[in-house]
Amino acid sequence: IYIAAINGRIVNSIVKLDFKLFLNRLANLAIVAIPASFVNSYLEFLIRRIALRFRERLTRFFHERYIKDMVYYQISDLDSRIANPDQRLTVDVDKWSMSLSSLYSNFSKPVLDIILFSKKLAELVGWEGPAMTFGWYFLSGVLLRFISPAFGRLTAQEQRLEGDYRSCHTDLQHHAEEIAFYRGAEWEKRRVNEAFGKVHDHSTDVMNKKLFMGCFDALLVKYGAVLCGYGVVGLPVFGRGREKYLSLIHISEPTRQAEISYAVFCLKKK
C-alpha cells in the first residue's frame, strides 16, 4: 500500500507538471525499492530454508525407523502395503516439505492483503466497493468449485503412476542378471512400456482438464475481476454521492481526463 501511494504521488507530480517534485518522489521510490526487494527475496529464502529443515527432520525420522530391525526388508519383500518406498522417502518427502513451508505464507499474506486493501478501498469508495469485490469472488469460487475436477486426487494418482514407472526401471537394474539369463527382455520391455503408457495417458487427461479449467478460470477470475474492478472504480463517479465526490476533487476537466486515462492504462496492464 505504501509503494502504491508513492506511485500515486509520482503520477500526481506528473499531472501538476512539477519537475522538481517529480524527481523528489522518484528518488523516494528508488530508496524504498532497495529494502522492498530484499524483503521479497528474503521471504522466498525463508520458505525454502523452512522446507529444507522440514525435509531434514522427516528424512532423519524415517531413516531411524526404516533402516532398523530389517523393516526395509519387510517392506520390500514381505509386505506390499507400502508401494515404492524409495519414491515415498525421496520425492514425496521433498514435495510435502515444500508444500508445508508454503502453507503459512500462502494463507497469512493473502488474508493480511485482503484486510488492508479492503480497509483502504472502503475509505476511498465506501463499503460498496469491497462488498462488490467479495461478492464476485464468492460467486466465482462457487462456480469453479462446482465445475472443477478433483485435481488433488489426480495429482496423487499421477505420483503413484510415476512411482510405478520408476519402480519398473529399478527392478530392471536390480534383476538384470536374472532377466538376461531367462531371456526376459521382451517381457520387461512390455512391462516398462505399459507403465509409461499409463503415465502418458493420465498426464494427457490431466492436461485436457487443466485446459478446460484454465478457460473458466481466466473468464471468471481474470477478465471477470477486471469488469468488477471497473465497476468499483466507477462507483464514486457514477454511483450515489457523485456530485459530492466531483466537488471535492477540485480539478479541471482536462486534468481529470488525464488521470482517468492513466488509471485505465494501469488497469489494462494488470
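Structure: see above.
Throughout what follows, the structure given in this document is the object of discussion.

1. Remarks on the pattern of salt bridges
Okay, step 1: Scanning the entire structure with this criterion turns up 10 salt bridges.
Okay, step 2: Between Arg-55 and Asp-94 there is a salt bridge, and its shortest N-O distance comes to 3.7 Å. Note that Arg-55 is positioned in helix H2 (residues 19–66) and Asp-94 in helix H4 (residues 85–125), a separation of 39 residues in sequence.
Okay, step 3: With a shortest N-O distance of 3.4 Å, Lys-209 and Asp-205 are connected by a salt bridge. Of this pair, Lys-209 and Asp-205 both sit in helix H8 (residues 185–233), 4 residues apart, which is roughly one turn of that helix.
Okay, step 4: For Lys-209, a relative accessible area of 27% corresponds to the partly exposed category.
Okay, step 5: With relative accessibility at 32%, the residue Asp-205 sits in the partly exposed group.

2. A word on the packing of H2 against H4
Okay, step 1: Remark: H2 packs on H4, axes separated minimally by 8 Å, with the N-to-C direction vectors making an angle of 145 degrees. The chirality of how H2 crosses H4 is right-handed. In contact with Ile-47, Arg-48, Ile-50, Ala-51, Phe-54, Arg-55, Leu-58, Thr-59, Phe-62 and Tyr-66 of H2, H4 contributes Pro-85, Leu-89, Thr-90, Val-93, Asp-94, Trp-96, Ser-97, Met-98, Leu-100, Ser-101, Ser-102 and Ser-105.
Okay, step 2: Here the residues of the contact of H2 with H4 sort into 13 nonpolar, 6 polar and 3 charged.

3. Here's the deal with H4
Working note: α-helix, 3.6 residues per turn, so residues spaced by three or four point in the same direction.
Okay, step 1: Between its first and last C-alpha atoms H4 spans 57 Å; for 41 residues at 1.5 Å apiece the expected length is 60 Å, and the two agree.
Okay, step 2: Residues of H4 that are buried include every one of Pro-85, Gln-87, Val-93, Ser-97, Ser-101, Ser-102, Ser-118, Ala-122 and Val-125, and no others.
Okay, step 3: Trailing H4 by a residue or two, Gly-126 shows a phi angle of about 90 degrees, which is positive.

4. Examining a nonpolar patch on the surface
Okay, step 1: A surface patch of nonpolar side chains, about 640 Å² in accessible area, is lined by Phe-38, Val-39, Tyr-42, Leu-43, Phe-45, Leu-46 and Ile-50.
Okay, step 2: By the element assignment, Ile-50 lies in helix H2.
Okay, step 3: By relative accessible area, Ile-50 is classed as partly exposed at 40%.

5. With respect to the environment of Tyr-2
Okay, step 1: Locating Tyr-2 in the fold gives a position in helix H1 (residues 2–15).
Okay, step 2: Taking the C-alpha atoms as reference points, Tyr-2 and Leu-29, 27 residues apart in sequence, are found 10.0 Å from one another.

6. Observations regarding the packing of aromatic side chains
Okay, step 1: Counted according to the given criterion, the structure contains 6 aromatic pairs.
Okay, step 2: Centroid distance Tyr-42 to Phe-45: 5.8 Å. Interplanar angle 25 degrees. Geometry classified as stacked. Taken as a pair, Tyr-42 and Phe-45 lie in helix H2 at a separation of 3 residues, close to a single helical turn.
Okay, step 3: According to the relative accessible area criterion, Tyr-42 is partly exposed, its value standing at 39%.
Okay, step 4: Residue class for Phe-45 comes out partly exposed when judged on its relative accessible area of 42%.
Okay, step 5: Ring pairs connect the aromatic residues Phe-38, Tyr-42 and Phe-45, which therefore count as one cluster.

7. Points about the side chain of Ser-13
Okay, step 1: With respect to the helices and strands, the residue Ser-13 is situated in helix H1.
Okay, step 2: In this structure Ser-13 comes out as buried when scored by relative accessible area, which is 1%.
Okay, step 3: Beyond its immediate stretch of four places on either side in the chain, Ser-13 contacts Asp-18, Leu-21, Phe-22 and Arg-25.

Rules behind the numbers
- Residues numbered from 1 in each chain as written.
- Predicted model: local features only at pLDDT ≥ 70, side-chain atom pairs only at ≥ 80, totals over all residues.
- Heavy atoms only, no water.
- Salt bridge = Lys/Arg side-chain N within 4 Å of Asp/Glu carboxyl O.
- Helix = DSSP H or I, 4+ residues; strand = E, 2+ residues; numbered from the N terminus.
- Buried < 20%, exposed > 50% of the residue type's maximum accessible area, 1.4 Å probe, protein only.
- Axes fitted to C-alpha atoms, helices over the stretch in contact; angles between N-to-C directions.
- Left-handed = near helix turned anticlockwise from the far one by under 90°.
- Contact = heavy atoms within 4.5 Å.
- Nonpolar A, V, L, I, M, F, W, Y, C, P; charged D, E, K, R; others polar.
- Expected span 1.5 Å × (residues − 1).
- Patch = residues over 30% accessible without salt bridge, like charges linked within 9 Å, V, L, I, M, F, W, Y side chains within 5 Å.
- Areas by Shrake-Rupley, 256 points an atom, 1.4 Å probe, with all protein chains shown as cover.
- Phe/Tyr/Trp six-rings, centres within 6.5 Å; stacked < 30°, edge-to-face > 60°.

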